[in-house]
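Structural characterization, general
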Amino acid sequence: MPATLITMPQLGETVTEGTITRWLKRVGDPIAKYEAFAEVATDKVNAEIPSPTAGVLLAIHIAEGATVATGTPIAHIGDPGSDISLTPSASTLAPASPNASNTVAVIEPVAEPAPTNLRHYSPAVRRAVRASGIDPSTVRGTGTGGRVTLRDIATATTHVERIPLTRARRMIAAHMVEAKQTIPHAWTMIEVDVSGLVAKRAHDAASFVANMGFKPTYFQYFAHTVVQTLARHPMMNARFTPDAIEVFRRVDLAFAIALDGNLIVPVIANSQHMDFATFAHAMHDMTSRARSHHLAVDELHGGTITVNNTGANGSILSSPIINGGQAAIVTMEAIVKRPVVVHDAIAIRSMLNICCSIDHRVIDGDVVGGFLRDLKHHLEQLHA
Amino acid sequence: MNVNNVEAVRATLHDALTRDERIVILGEDVGARGNVFLITKDFLQEFGPQRIVDTPLSESAIIGVAVGMAMDGLRPIAEIQFADFIFPAFNQIVGEAAKTRYRSNGDYTCPLVIRTPYGGGVRGALSHSISIEALFYHVPGLKIVAPAFPADVRGLLNAAIADPDPILFLEHKKTYRLARTDIADEAYTIPIGQADIKRSGTDLTVVSYGYFVHLALEAAAKLSSEDISVEVIDLRSIRPMDKTTILQSLSKTHRLLIIHEDHAFGGIGAEIAAMVASEALFELDAPIRRLCGPDVPAMGYAHALEDAYMISSEQMATAMREMVQF
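What comes next is a walk through the structure. All values derive from a computational prediction rather than experimental measurement.

1. Some thoughts on the overall build of chain B
Secondary structure summary: chain B contains 12 helices and 14 strands in total. Across the 326 residues that make up chain B, the buried fraction comes to 52%. Restricting the contact set of chain B to residue pairs at least 6 apart, pairs at least 24 apart contribute 80%.

2. Here we look at the pairing of strand S11 (residues 230–234) of chain B
Residues and elements named next belong to chain B. Within S11, five of the five residues are buried, leaving the element largely enclosed by the surrounding structure. The side-chain alternation of S11 yields two buried faces, one formed by Val-230, Val-232 and Asp-234 and the other by Glu-231 and Ile-233. Bridge count for strand S9 (residues 196–199) against S11 is three bridges, and the pairing is antiparallel. Paired with Asp-196 across the bridge in S11 is Asp-234. In terms of strand pairing, strand S10 (residues 204–208) meets S11 through five bridges, oriented parallel. Bridging from a neighbouring strand, Val-207 pairs with Ile-233 of S11.

3. Focus: the nonpolar core
In this structure, B:Val145, B:Ala160, B:Val206, B:Ala216, B:Leu257, B:Met316 and B:Met320 are the most contacted members of the largest nonpolar core, which totals 110 residues. The element that contributes the greatest number of residues to this core is helix H8 (residues 211–224) of chain B, accounting for eight residues. Those residues in contact with B:Met316, other than ones at most four positions away along the chain, are B:Leu215, B:Ala216, B:Ala219, B:Ile259, B:Leu291 and B:Ile311. Judged by nonpolar contacts, the second largest core, of 72 residues, contains A:Ile49, A:Leu197, A:Met236 and A:Ala280.

4. Overview of unusual backbone geometry
Cis peptide bonds are those with omega within 30 degrees of zero, and the linkage from B:Arg239 to B:Pro240 qualifies with 5°. Position of B:Pro240 among the secondary structure elements: in the loop between strand S12 (237–239) and helix H9 (243–253). You will see that A:His343, though not glycine, has its phi angle at about 50°, which is positive. The topology assignment puts A:His343 in the loop between strand S17 (328–342) and strand S18 (345–359). In this structure A:His343 comes out as exposed when scored by C-beta crowding, with 5 C-beta atoms within 10 Å. One non-glycine residue, B:Asp227, lies in the positive phi region at around 65°. With respect to the helices and strands, B:Asp227 occurs in the loop between H8 and S11.

5. Examining the sheet that holds S10(B)
Residues and elements named next belong to chain B. If you walk across this open sheet you meet the five strands as S9-S11-S10-S13-S14, and the pairing is mixed. Looking at strand neighbours, the two that pair on one side only are S9 and strand S14 (289–293), the edges of this open sheet. Taken over all neighbouring pairs, the strand axes of this sheet differ in orientation by 25° on average, direction set aside.

6. Details of the environment of A:Thr157
All names here are of chain A. Relative to the assigned elements, Thr-157 resides in helix H3 (residues 150–157). Thr-157 sits 28 residues away from Val-129 along the chain, and the two C-alpha atoms are 9.7 Å apart. Non-local contacts of Thr-157, meaning those with residues more than four positions away in its chain, are made with Ser-132 and Ile-134.

7. Thoughts on the interface of chain B and chain A
Chain B puts nine residues into the contact, and the matching count from chain A is nine residues. Taken together, the residues that form the side of chain B that touches chain A break down as five nonpolar, two polar and two charged.

8. What about the pairing of strand S4 (residues 75–79) of chain B?
Residue and element names in this part refer to chain B. Of all five residues in S4, five are buried, a share of seventy percent or more. Of the two faces of S4, the one carrying Arg-75, Ile-77 and Glu-79 and the one carrying Pro-76 and Ala-78 are both buried. Where strand S2 (residues 23–27) lies against S4, five bridges are found, and the strand directions are parallel. Its bridge partner being in S4, Gly-27 is matched across the sheet by Glu-79.

Each value, and the rule that gives it
What you see as residue numbers is a count from 1 along each chain, following the sequence as written. Chain letters start at A and ligand numbers start at 1, both assigned in the order the entries are written. For a predicted model such as this one, the threshold for reporting local features is a pLDDT of at least 70, and the threshold for listing and counting side-chain atom pairs is 80 or more; totals across whole chains, interfaces and linings nevertheless cover every residue. Going along the chain from the N terminus, every DSSP run of H or I of four or more residues is numbered as a helix, and every run of E of two or more is numbered as a strand. With C-beta atoms placed from the backbone, a residue is labelled by how many other C-beta atoms lie within 10 Å of its own: buried for 20 or more, exposed for 12 or fewer, partly exposed between the two. Whether two residues are in contact depends on their C-beta atoms, placed from the backbone: they are in contact if these lie within 7 Å. Strands are labelled as partners when DSSP assigns at least two bridges between them. By definition, a nonpolar core groups buried Ala, Val, Leu, Ile, Met, Phe, Trp, Tyr and Cys residues that connect through C-beta atoms lying within 7 Å of each other. Orientation is described by axes fitted as lines to C-alpha atoms, over the contacting stretch for helices, and by angles from 0 to 180 degrees between their N-to-C directions. Amino acids outside the nonpolar list (Ala, Val, Leu, Ile, Met, Phe, Trp, Tyr, Cys, Pro) and the charged list (Asp, Glu, Lys, Arg) are all regarded as polar, and Gly is one of them.

Here's what the structure looks like:
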């Protein structure tokens, strides 16, 4: 019976390759069904690969650290002695050899090219170094064997640093351009008095820490209120397609996290059913796992509407770009104490701006206006 | 006029014969046969046997007589039928022509042009393929010119005829009918000792001459699609060497590749490399590289051996790429 061939899984819609960061099992180790046997990293996540079958790890085809395209064979799992050839047709044709079937193919890691020439600077580089005062050992060499070329020195001494695009950055760029170019954005903003929310959070904090292990954030309250408000404004939770507007029946709430210079957008699926504690826990858990690169891939998929905590750094106004496949993005700006008129007197209140970009093909001003009016109302109802 | 290299030589010689009564052409088969490439066809009828002289098969005699003519007021243009045959005249060229001005303390000069077809890639085998430039490169008093394009051929041949000292004028056989271009009708000259930038670039300087300039240009054009910018310098004159053009180019590209068909060892490229090493060391961001004919005694008879001897534009592109990536 042939062994099960394991290929590099597709860890996300737009992911085309993965890196084996660690083999958790060695060739010959028994593996239970669903037991993780390898760790894989992509631009976005680290994931453990569970075994689809029980058996023994018969062969490892990809070395630790190697990056391969999705679908590339990475291992065989099955009964000892079963066929582990990579081409099934060839295995049936090949004469059965008692030894061959037990042989495990372990591909050696590809050696890094030895860093040569690192100390050997060309006459032109030496002259340039003298002129510029730059330390060539601090310059990243792009020549043969990492040699520092004259151009590298020139690059290092210009006022512009060139940062090659990572795959993740390319993807972000492509998505942004696509969204900005295809979606006719409209934008609006509303001002909310969140003094009650500020009091509520202070009041809830101690019991939350005791019960849940973390302090609730304003953003969690805000996002949860957005989800609840959507119940009466389903058009905000929709998308445009060439033939129809598709309105989602569930709220898969996407929220943006800045991470190591990248932007990742985890999704809290089915958030419309969650009470605040459940929701806050989900968001807290996903945020901390995102920071440690332990989000599962399907947690980065989909999203029917996005919220963004743009106020985290003090912004009071922003104009966000809608995520592709959605119709709206809602931001929470910074909460600031401001003098406002309450009952014809000037009071000091904690004020919050909420900004919202909409796909005007899907949503008209009246719809987003109604949504923001209700969102404001719900937030202002919160109190200790 | 729209000409290839053969026609450029023929037209320029014809103009010179018409213009200057002192000009005499002498060599094997230049008269009745009209030269093996038909460069001097019908010249005998037009200018007569006093000026178009069929010689015996004796290269030493051709050059020896021509040196005497030149010293005595004529303007001989001697032809060595193939460069491979020039060796019997080595003494007359090196020992006499090149030394005339020095030996006579300037009383005599030797205004002699020695034209000869050279180079391989034409199925010429051992004795119709060689490059001779390095053998004469060593000799002070001798200028060596090797143009590869019709406009350069005309301008440099006119300059050579006008020059008061001996010139070795090399015509690469493979370029004779390689390209056809429009050139000026009048008898213009191009200064001897002046290289020409045939393609501008910023990443690498390629110095070459003769047929290989054509191939280097092909390779450079190919590499432009890889965002590699190659400057191709056609020396045109091998000696005197145009240091200025080479050094100016290097101050821009900082990388030098020298390509020639002649052997590397003790060749033209060696002299250029030495010049650059002593005059422009701190411009160099990569070792100077020479891509030259192999160190074997001759171009093989077998086609495969000849092909192996000649450097292809693909090989040139590979070397250029490697140099830029170094």
